[in-house]
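A structural walkthrough
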Amino acid sequence: MLKLPCNGVDRVHLMSQCGFMGRPTSFFTGRSSVKGFRSTKAYPVQAVASAKDGAVVNRVEADIGSLANRLRLGSLSEDGLSYKEKFIVRSYEVGINKTATVETVANLLQEVGCNHAQIVGFSTDGFATTTTMRKYHLIWVTARMHIEVYKYPAWSDVVEIETWCQAEGRAGTRRDFIIKDYATNEVIGRATSKWVMMNEDTRRLQKVSDDVRDEFLVYCPRELRLAIPEENSNCLKKIPKLGDPAHNSRLGLMPRRSDLDMNQHVNNVAYIGWVPESMPQEIIDSYELQSITLDYRRECQQNDIVDSLTSVEALEGAEVVPELKSTNGSGKAMDDKQERQQFLHLLRLSNEGLEINRGRTEWRKKAAR
Amino acid sequence: MVATAATSSFFPVTSSSSSDSVGKSSKHGVSSANLGGYKSKQSSNGLNIKANAAPSKINGTAVTTAPVKVENDSPSQHHPRTFINQLPDWSMLLAAVTTIFLAAEKQWMMLDWKPRRPDMLVDPFGIGKIVQDGLVFRQNFSIRSYEIGADKTASIETLMNHLQETALNHVKTAGLLGDGFGSTPEMCKKNLIWVVTRMQVVVDRYPTWGDVVQVDTWVSAAGKNGMRRDWLVRDAKTGEILTRASSVWVMMNKLTRKLSKIPEEVRGEIEHYFVNSDPVVDEDNRKLTKLDDSAEYIRTGLSPRWNDLDVNQHVNNVKYIGWILESAPQPILESHELHSMTLEYRRECGRNSVLQSLTSVSGADIGNLADSGFVECKHLLRLDDGAEIVRGRTGWRPKPINNFDVLNQFPSQST
């Protein structure tokens, strides 16, 4: 009677004695148990027998987990507290400037956030919830998003994004990102986002309870680590509601089917696309978006109609000259020769004027090509 | 039929070998048989060591360790497309079948290849590479979360974006990229650009988040002055064919906007990339009728966003598909999935265009969709003033049941 051995090395022997030449996948279903053991290399049994004294022969290439997991170019850091992933910029993600658009950057941030959540064991249904959250029907929703890009990547550039999350006060968590050009290791962008919990049935916000906090804090750096440490950075500044009437507007924007994510909500990134819709053409032509900050107030459904409004915001120490706010709503900003411009934005529901989100953008003059 | 198409597209080989159809009956004998059957036959004959290594893999997920090297890079001499027709010639057949093995093995086991052949590994960043002796370009895409649509599967726009990406990368890798749009250097000199006139796509299965798809693309001649570009999309892990697409392109002078013949200099640049193969999708030659205001579903006021524009501030072709679907009736979108699409591109539009999308459903009763199997719709995308942008026909089939739960899974074990 053959006694089934319990430890890995013996199992390998057992299989080879049975003349099993292929990969012993079925034995090693628990990946963690496999580490350190290697299978035979399609060679006769004798080679394996010699491994009895612990000299390993080959690595078991356990084919558990999807191909994507293995191809996934992302991994947790050594200490398990942050996650990094590489992405290549595809041609259709590149916009009028021949560089990736800010929506592309936002999409990649969303992707890396989702992948981080998935790899540490949160749900993969798109909501990235912990077990306790699911018990209470709680989901994460974005409250604020701030993205800065110093240098936009071009088609077929590879960027590496690192992300981590931390608690933010009692009410929420924050997720920070650092974007680097993989080839040069230069930081080309940073972002930070704030998330709160909402009950998905009542749609009411809820404080982060201690048991939920404990569930995810395990994965967060212990000390505060900010992607954007500057104190007076725009990422923290309050965004006032822009004055009435706005300098520029684009009314009647409609969510498209492609704006819906897998949960049938209008995806956060769609809002980032609507904000510049009311920017004056001259700015889009000669400036590039340096940073965008959005405060999310209300969700938008597929059937809603959205207005996008923009007004110039005075930079510190300057004033908006009144007569330039004028003619046919073109809202020509102060002076085209200026190196930087700043704008306030509002997205609202068309019919009742309810605020969807508020935003601020900073623009810098495009480099002459 | 699909299998035949697959293998023939797999070996879309040189125009030189004449396809004098020797033994038409044999056409079905070799290629459409399942490859699994072949492999076992091979191994039992012990015809060559390399093939022998193959069998243990087909049944599952075994790692290949056999030193099967040489064959992979030069399959071309042994497998003119007509190998199918040369069945009586056994040595040819065996050589060809071995090549099928190796190609299929490479197809299915790419990731398992040992690092001593690093060029055979799936390229980590999905840059893609030329395979098949320089004729086919292959690139992998991992489906990202933001590419998933409301159906919980990759959207048709995502698939089309991947096709566009591989087309550009093909031209770039072949050293023919004169600008960012697929114009060759000679074309740039003459201010010529490619414009798509026709696109046909058939989707057998939509991939979902985390899937990896492998896209193969190649070009052929289309008439005297056109080019056809075909794509074949497979599941990178299983080799299952997910999507097939075929497009027709003509040359246009970008300044005069007039169509142009292919000049000799350009022909010299691109001709040897042309592959002599049948279109990967059966041509749908039915006339596409133009809809008018009597169409049942009309959606107006569609306008391009900044994000829809390419470097020339023209709307990217793929966006038209999204607009076409904007007027597709909601009941169809909910219960059916887009299976096939034929588009004829007429005109382009820019930033300030305002479009209307019209849809007419043929044959099925909208109120009774639950019972209908295949539904067909006709589409028109036009400007406010009536100028036609795209005409189309779409085919829809009931959604497979498992789509709804495909994403509601929690990882069973953490890595």
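Structure: see above.
Cut-offs and rules
Residues numbered from 1 in each chain as written. Chains lettered and ligands numbered in written order. Predicted model: local features only at pLDDT ≥ 70, side-chain atom pairs only at ≥ 80, totals over all residues. Heavy atoms only, no water. Helix = DSSP H or I, 4+ residues; strand = E, 2+ residues; numbered from the N terminus. Buried < 20%, exposed > 50% of the residue type's maximum accessible area, 1.4 Å probe, protein only. Contact = heavy atoms within 4.5 Å. Areas by Shrake-Rupley, 256 points an atom, 1.4 Å probe, with all protein chains shown as cover. Salt bridge = Lys/Arg side-chain N within 4 Å of Asp/Glu carboxyl O. Pairing = 2+ DSSP bridges. Expected span 1.5 Å × (residues − 1). Phe/Tyr/Trp six-rings, centres within 6.5 Å; stacked < 30°, edge-to-face > 60°. Lys NZ or Arg CZ within 6 Å of the ring centre and 35° of its normal.

It is worth spelling out the overall build of chain B at this point. The helix and strand tally for chain B stands at twelve helices and twelve strands. The buried share among the 415 residues of chain B stands at 55%. Looking at chain B alone, contacts between residues at least 24 apart form 71% of all its contacts between residues at least 6 apart. Accessible area of chain B: about 17300 Å², with a carbon and sulfur share of 54%.

Moving on, we get to the overall build of chain A. For chain A, the helix and strand inventory stands at nine helices and twelve strands. Here chain A, with 369 residues, has 52% of them falling under the buried criterion. Considering only contacts within chain A whose residues lie at least 6 apart along the sequence, 70% involve residues at least 24 apart. Here chain A has roughly 17500 Å² of accessible surface; of this, 52% comes from carbon and sulfur atoms.

Evaluation of the coordinates by the stated rule reveals 38 salt bridges over all chains. Two residues, Arg198 of chain B and Glu344 of chain B, come together in a salt bridge whose shortest N-O distance is 3.4 Å. Here the residue Arg198 of chain B occupies a position in strand 3 (residues 192-203), and Glu344 of chain B occupies one in strand 9 (residues 336-345), the gap between them amounting to 146 residues. In this structure, Arg198 of chain B and Glu344 of chain B share a single accessibility class: buried. One salt-bridge network, in which partners are shared between bridges, spans Arg144, Lys241, Asp295, Arg297, Glu355 and Arg358 of chain A.

All names here are of chain A. Among the seven residues that make up strand 10 (residues 306-312), seven are buried, leaving the element largely enclosed by the rest of the structure. Burial along strand 10 is two-sided: Val306, Ser308, Thr310 and Val312 facing one way and Asp307, Leu309 and Ser311 facing the other are all buried. As defined by bridge partners, strand 10 adjoins strand 11 (residues 340-349) across seven bridges and the pair is classed as antiparallel. When the sheet's bridge partners are listed, Ser308 is paired in strand 11 with Leu347.

Residue and element names in this part refer to chain B. Helix length check: helix 8 (residues 156-173), at 18 residues, gives a terminal C-alpha distance of 26 Å against a target of 26 Å (1.5 Å per residue), a fit within 8%. For helix 8, a buried count of 15 out of 18 residues is recorded, marking the element as mostly surrounded by other parts of the structure. Remark: Gly175 follows helix 8 within two positions and exhibits a positive phi of approximately 80 degrees.

Before going further, it helps to spend a moment on unusual backbone geometry. Glycine aside, residues mostly have negative phi, and peptide bonds are mostly found in the trans state. The phi dihedral of His137 of chain A is positive, around 60 degrees, even though this residue is not glycine. In this structure, His137 of chain A sits in the loop between helix 6 (131-135) and strand 3 (138-149). The backbone of Lys152 of chain B shows a phi angle near 70 degrees, a positive value even though the residue is not glycine. We classify Lys152 of chain B as buried; its relative accessible area is 18%.

A full pass over the atoms with the stated rule returns four aromatic pairs over all chains. A connected cluster of aromatic rings, assembled from ring pairs, spans Tyr271, Trp274 and Tyr296 of chain A. Here the guanidinium or amino end of Arg351 of chain B rests over the ring plane of Trp306 of chain B, the centre of that ring lying 4.0 Å away.

Within the element layout of this structure, Ile148 of chain B appears in the loop between strand 2 (136-142) and helix 8. Residues Ile148 of chain B and Gly210 of chain B, 62 residues apart in the sequence, show an inter-C-alpha distance of 10.0 Å.

A word on the pairing of strand 10 (residues 355-362) of chain B. Residue and element names in this part refer to chain B. Within strand 10, seven of the eight residues are buried, which leaves the element mostly enclosed by the surrounding structure. Pairing of strand 8 (residues 297-302) with strand 10, which is carried by four bridges, proceeds in the antiparallel orientation. Looking at the pairing, Ile298 lines up with Leu358 of strand 10. In this sheet, strand 11 (residues 375-383) lies alongside strand 10 in antiparallel orientation, the contact comprising eight bridges.

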